[in-house]
Amino acid sequence: MTRRRSLFFIGFALIALILAGGVSYFADSNPDGLDHATLQGCTVGEDEQLTGTCIAQGATDHSLKDSPLADYAVGGTEGTTGLAGVIGVIATLVVAGGLFWVLRKRSPKDS
């Protein structure tokens, strides 16, 4: 790999990590438009009880609700959105890098 290409990938990774770790704290704490749309026609009570008629009344918890990065936080802890973003970027870069390495075009001398 050329030096220029290496610098590009390192710069790309650094920018992605900075954005995930820093800018994520400025994101909306309730970004899910789907939740808003499914709650139309209902009123949410104190214990998150729904009254009225809306799609969300048939909702159930999903199987990954207790996963380590659920709700954009590490272990469900408030204030760890940036850390969850950094972990996600690193995991994505590792998986993508591994796939690119495995699927790369090889020259005959590499066989």
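How each quantity is defined
- Residues numbered from 1 in each chain as written.
- Predicted model: local features only at pLDDT ≥ 70, side-chain atom pairs only at ≥ 80, totals over all residues.
- Heavy atoms only, no water.
- Helix = DSSP H or I, 4+ residues; strand = E, 2+ residues; numbered from the N terminus.
- Expected span 1.5 Å × (residues − 1).
- Buried < 20%, exposed > 50% of the residue type's maximum accessible area, 1.4 Å probe, protein only.
- Arc of directions from axis to C-beta.
- Contact = heavy atoms within 4.5 Å.
- Disulfide = S-S within 2.5 Å.
- UniProt positions renumbered as here; feature names shortened; annotations may be inferred.

Draft legend 1. Spatial organisation of helix 1 (residues 3-22). Over its 20 residues, helix 1 runs 28 Å from end to end, which matches the ideal 28 Å to within 8%, given 1.5 Å per residue. Buried within helix 1 we find Ala13, Ala16 and Ala20. Projected down its long axis, helix 1 carries its buried residues within an arc of 65°, all on one side. Opposite the buried face of helix 1, at more than 90 degrees from it, the exposed residues are Arg3, Arg4, Phe8, Ile15 and Ile18. Buried residues along helix 1 sit against helix 3 (81-103).

Draft legend 2. Just the state of the cysteines, in detail. Summed over the entire model, instances satisfying the criterion amount to one disulfide. With a sulfur-sulfur separation of 2.1 Å, Cys42 is cross-linked through a disulfide to Cys54. The sign of the S-S torsion, about -95°, decides the handedness of the disulfide formed by Cys42 and Cys54: left-handed. One end of the pair, Cys42, is in strand 1 (residues 42-44); the other, Cys54, is in the loop between strand 2 (50-52) and helix 3, and 12 residues separate them in sequence. Residue Cys42 shares its accessibility class with Cys54, and that shared class is buried.

Draft legend 3. Region of the structure containing the UniProt feature "transmembrane region" (unreviewed entry) in the chain. Look at the UniProt record and you will see "transmembrane region" (unreviewed entry) annotated at residues 7-27 and 82-103. End C-alpha atoms of residues 82-103 are separated by 31 Å, and the span's content is 100% helix alongside 0% strand.

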